[in-house]
Amino acid sequence: MSSDESTNAASSERRDAVREKAQQVKARQSRARAIRRTTLVTFGLAVIAAIAVVVTWTVSSSASKPMADPSNVSGGFVVTGVTGTGVPSADNGAGSAEATPAPTGDAAATEAEPTPAATPTEAPAVDIRVYVDYLSSGSRDFQVANVKQLSQWVDSGAATLTYYPVAMLTAKSNGTKYSLRAAGAAACVAQNSPDYFFAFNNALLTQQPGVDSDGLSDPELADLAQAVGVDGPKVVRSCIESQSYTPWVKTATEQALKELPDSGGVALTATPMILVNGTQYVGKIDDPKEFAQFVLTVASDSYYKATPTPTVTPTP
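Reading the values: rules and limits
- Residues numbered from 1 in each chain as written.
- Predicted model: local features only at pLDDT ≥ 70, side-chain atom pairs only at ≥ 80, totals over all residues.
- Heavy atoms only, no water.
- Helix = DSSP H or I, 4+ residues; strand = E, 2+ residues; numbered from the N terminus.
- Buried < 20%, exposed > 50% of the residue type's maximum accessible area, 1.4 Å probe, protein only.
- Contact = heavy atoms within 4.5 Å.
- Salt bridge = Lys/Arg side-chain N within 4 Å of Asp/Glu carboxyl O.

Colleague: Would you take a moment to explain the environment of V236 for this structure?
Modeller: Looking at where V236 falls in the secondary structure, it is placed in helix 8 (residues 233-241). Along the primary structure V236 and A187 are separated by 49 residues, whereas in three dimensions their C-alpha atoms are 9.8 Å apart.

The structure is reproduced here in structure tokens:
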């Protein structure tokens, strides 16, 4: 064989070797791309599955939380008892006739007047509604100043008292959302131990933390509820520590900022907001005498507006 033929044969072998090596590299690259595609698809499916699990868990967790029915409470909680506050009740001589929100008449003049055919009905209980934020210093001042007479009016049946916990100062507690959590805790007590709601409400306000502080933790709120003597303390604690009613409080607050229930279009602008038979109190919140006089005036006006004018029967 000539040298040219040998050279050509060697060149051909080299080309074949290079071609084969290129094919091997291409095959390895194809396998690598296939592996990457498979890995990416598998990872994507795993991420989608994880997201689905998280969404399902979130939805189921939200659905499992008990929600106060707005059709039953209208956003507020009626005081059914004043147990646990340490405030004297109306039947032990602590109350006074002047502080009772009921209209009074001139008893001496009735003997000289003809006997009416229709006797005025007994004065109805005064409707008092209080919107409170448990981080509001004004809400605390109103409660401290008026807790005694409020408890006496409720205890004697002279007034119905409803508290509406709202959360307007949620951003004023270093990120702990104390205002929202405290209102949710109040809802837990109102739903599970209503006779002690007034006592817990009073404790939250009288032992109020400062604005821009962390406030009480959920376990500490539960401890406070237990300290006032709530019924079913384990149930109440579980409700508070799981923040079962904070979503409801948020919704109720948003609604109050738009329009208060049965108010004719009035919206919540600040706390405390006090309505007496639908009329807003704008006097000093820390002056119990001024508030009592306002309640007496509103009660008297409502009473005489609702009472028909008696028909006088001439005496023979």
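There's more to say after this.
Colleague: What is the right way to read helix 6 (residues 197-206) from this model?
Modeller: Given 3.6 residues per turn, any residue in an α-helix points the same way as the ones three and four places further on. Of all the ten residues making up helix 6, nine are buried; the element is thus mostly covered by neighbouring parts of the structure. Burial in helix 6 covers these residues: F197, F198, A199, F200, N201, N202, A203, L204 and L205. Buried residues along helix 6 sit in contact with strand 1 (77-78), strand 2 (126-132), helix 4 (137-156), strand 3 (159-165), helix 5 (178-192) and helix 7 (218-227).

Colleague: What exactly am I supposed to notice about the pattern of salt bridges here?
Modeller: Once the charged atoms of two side chains with opposite charge are near each other, the side chains can pair. Counted under the stated rule, the structure contains five salt bridges. For R140, the salt bridge is made with D141, and the minimal N-O distance between the two is 3.4 Å. The class of D141 is partly exposed, set by a relative accessible area of 30%. Its salt-bridge partner being E241, residue R237 comes within 3.0 Å of it at the nearest N-O pair. On the criterion of helical spacing, the pair formed by R237 and E241 is a turn pair, its members being four residues apart in helix 8. Owing to a relative accessible area of 21%, R237 belongs among the partly exposed residues under this scheme. Owing to a relative accessible area of 38%, E241 belongs among the partly exposed residues under this scheme. When salt bridges with common partners are traced through the structure, they connect D223, R237 and E241 into a single cluster.

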